[in-house]
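Each chain, written out:
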Amino acid sequence: VICILFRARSSPHGLILLYSLGTAAWFIAMKHMFYNDIVFRNYIGWIAGPMFAASLITLSVWIYWVQSDPDNEWDDQMKVRLADKFKWYEELLETDYTDNKLEVCKGTDPDYPLKPCFVYNEETDDWFSDDCQRFCAKIYNGCNVSFFVWSTPLVIAVVLLFFSFICAFLNPQSSGSAPATFGKLFVMLLFGLWCTASLSGAGAGLTESFASFFLGAGVSISMILIATFGSQNVKDMDMLQNLKSKYAWAGDHMKAVLISTSSPIIGMYMCVSFLNQCVRKAGIFPCTLPIDKSKNEHKMWVTKAAHAQIVYFKKWDHSKTYTWAIMWGLAYMIMQVFAAKFTVLFLSWMKKESSSMSFAAVTAIIVGVGMFLFLLPPIPGVPIYLTGGLMLPAVGTGFGTADDGSDGEAQLPGGIISAVAYTCMVGLILKLCACTLQQKAIGEPLGNRVWIRQLVSINSSTIRTMKLILKQEGLTVAKVAILVGGPDWPTSVLCGIMKLPLHQILLGTLPVFFLIVPTVLAGTFIWMSLLIDPVSQQPIYAWAGTVSTLFMVLAASVQSGSMVVAAYHLERAVSTRSDELTDIPIDQEVLDADNRNRARSLLYTQVTQWDQVPYFWKKFLHFGVFAQVVSCYITLGVKYSEPYTLTNTPDDLPGAWYTLLNGMGWLAMAFFFTAFFVWHQFKAWAYRRVDEWEKSGKPLPKVEEDG
């Protein structure tokens, strides 16, 4: 907490994480202080409605405030005003001017020689003048605190809305569906990786805000799970056992996500528990709970509840949990750094190089590059649509494309409206073509390989349920939610592996238009916010920056909401359409291969039992988890890259392309590659042990054939 507060000026997104954790901790503390005799699930169910109402009221008031006065909208004026208020100029360096070619933007204040030239003019209500023009606002591109302060009510509304859903899910009246609910919550949090990568390039700190929110949400869910099930007087053991049995396959994954996201929090929790126990043993305060020597509490270093949690932790399959924790951390870094930062860098370079080309050439480049990026598994489609919204309307209308900033020749009749409509249609056609190529050229050939079908668990209830839903004719809510909300490449390729009819998949993909439209509009409004009147040097559309942010939030809501709806319908189909699932034939080749490999898998589990792992490899794996956690927290807690969006060009970087990441960014990458190295070496050591066991002639574990 202290570190986040001290870093709040340069990394305000940590406050989102702190607020998410604080909200969960506050309600848990209120329960224990004033409602200690009430079952936690009853208590948490009470506050779902008030939190939902508070969220809507906060959001409504903020939207009204933004729309009530043009001065309240997000634009360069607001950015400069807030940056000046928080004295961000004290953070500026000489290189901020030289690297960005903004030497003319220096002010003349002798006390602050690096303070920009901005001076507020009360008569014109303007921060810009002939001596300090609008492009100088770029000097504050690294001031994320400006956007954070402006959007704080929106952040609060989103956090309260999220917690209201958690509280509603924990309501005892919905106990029958509680296991499914927790599964959907964790799916939604993991899917947040995809959403935050999709938002890359939108700018204004939106990506970092979403990433911090999803990390905080993951830790908060863990806190609520501990509060609900971690005590000795659990009233809902039936629900807990149902949760364990229904999601046993995902248990190690959930534990791994808990370690990846919450290790520092868990460490602090144990420190507080240790101090609490020390105070209780000393008997300094009469109000503390006395030590119960009959239960050996005097021998415990931490409180009884924390001791029970440590005992439970020691029963985990540590080798499996730690390797999965590293893998989830690697996935996060791939999505947030490789797929996010460097994809945006490449797209901005493409935008710059094609800015002087014809409308037809730019369209061809968007389609060609977009198709290539769609074929890369970690790349989401949203940055491609966003780039189209930035490029095609600009070239099609010719607005602001002349060298002097005036309007160039229009290459598409109908103005901005027709250009946006054209861009949306290009995005839809591109998505459908990519789905066709991914399904027919990649998925179906891969589906002929038994080990690929094994890898995707073709016989699992989840995949069989997806097949049941996706092969339905026409448009259904579940089918559309899976095809629109799911990650682009994996979803289409999986459809090919399952040999689903292409025409039905393309029909179910058509509603992706409702994701493409707000994304394209967000890109278009970003471009419109940059248009400057060459005479007055004032923005032509000052309100466009605010609208672009709202449309990006809308696009993220459509994408994440679709995945939550998909998870709901998948779970529902398992319980309501069991007869139809039974009628789907089992892939016998995969079943036979699974049975052949089961003994080897059991042998791997046996040789990696924690008490069988040598000391060196235990500490080596611990170090890998540490490196993974550090790499992820660096990207969330400090400034690790240069401020860069699709509106920038590579010339805005302080040097070559690799200067997109600063020293902390490359330190995070070093920890990332270290964690990958540890993971690879541990897996290699474990499989060498398996090979040695097989060659020794010792009997393999017995495996019963699946009936």
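Residues numbered from 1 in each chain as written. Predicted model: local features only at pLDDT ≥ 70, side-chain atom pairs only at ≥ 80, totals over all residues. Heavy atoms only, no water.

Caption draft 1: Quick look at the state of the cysteines. Under the counting rule described, the total for this entry stands at 2 disulfides. Between the sulfur of C117 and that of C132 lies a disulfide, 2.0 Å long from S to S. On the S-S bond that ties C117 to C132, the torsion sits near 75°, and the link is right-handed. Note that C117 is positioned in the loop between helix 6 (94-98) and helix 7 (144-169) and C132 in the loop between helix 6 and helix 7, a separation of 15 residues in sequence. The pair C117 / C132 is uniform in exposure class, with both members buried. Sequence-ordered numbering of the disulfide-bonded cysteines in the protein gives the connectivity 1-4, 2-3. (Disulfide = S-S within 2.5 Å. Helix = DSSP H or I, 4+ residues; strand = E, 2+ residues; numbered from the N terminus. Buried < 20%, exposed > 50% of the residue type's maximum accessible area, 1.4 Å probe, protein only.)

Caption draft 2: The arrangement of the nonpolar core in detail. Grouped together as the largest cluster of nonpolar side chains are 89 residues, with contacts concentrated most on I326, M333, V337, I366, W527, L621 and F682. Considering every element that reaches this core, the biggest residue donor is helix 13 (residues 318-353), with 13 residues. One finds I463, L483, I497 and M498 within the second-largest nonpolar core, a separate group that totals 22 residues. (Core = buried A, V, L, I, M, F, W, Y, C linked by side-chain atoms within 4.5 Å.)

Caption draft 3: Up close: the packing of helix 16 (residues 415-447) against helix 20 (residues 488-497). Interhelical geometry of helix 16 versus helix 20 gives an angle of 50° and a closest axis separation of 7 Å. In this view, helix 16 runs oblique relative to helix 20, as classed from their interaxial angle. In terms of crossing hand, the pair formed by helix 16 and helix 20 is right-handed. Of the residues in helix 20, those touching helix 16 at K431, C435, Q438, Q439, I442, G443, E444, L446 and G447 are D488, W489, S492, V493, C495, G496 and I497. Residues that form the contact of helix 16 with helix 20 fall into these classes: 7 nonpolar, 6 polar and 3 charged. (Axes fitted to C-alpha atoms, helices over the stretch in contact; angles between N-to-C directions. Parallel < 35°, antiparallel > 145°, perpendicular 65-115°, else oblique. Left-handed = near helix turned anticlockwise from the far one by under 90°. Contact = heavy atoms within 4.5 Å. Nonpolar A, V, L, I, M, F, W, Y, C, P; charged D, E, K, R; others polar.)

Caption draft 4: Just the packing of helix 13 against helix 14 (residues 359-374), in detail. Two elements in contact, helix 13 and helix 14, have axes separated by 12 Å at closest approach and are oriented at 165°. With respect to helix 14, the element helix 13 is oriented roughly antiparallel. Remark: the crossing between helix 13 and helix 14 carries right-handed chirality. Between helix 13, through T343, F346, L347 and M350, and helix 14, the contact on the second element is made entirely by I365, I366, V369 and L373. When the residues that make up the contact of helix 13 with helix 14 are grouped by side-chain class, the tally is 7 nonpolar, 1 polar and no charged.

Caption draft 5: Inspection of the confidence of the model for the protein at higher detail. Overall, the prediction assigns the protein a mean pLDDT of 78, with 81% of residues at 70 or greater. Note on residues 231-240: pLDDT under 50 across the span, and 14 contacts to partners over four residues away in sequence or across chains. Counting contacts from residues 402-406, a segment whose pLDDT is below 50, to residues more than four positions away or on other chains yields 10 contacts. (pLDDT = per-residue confidence, 0-100.)

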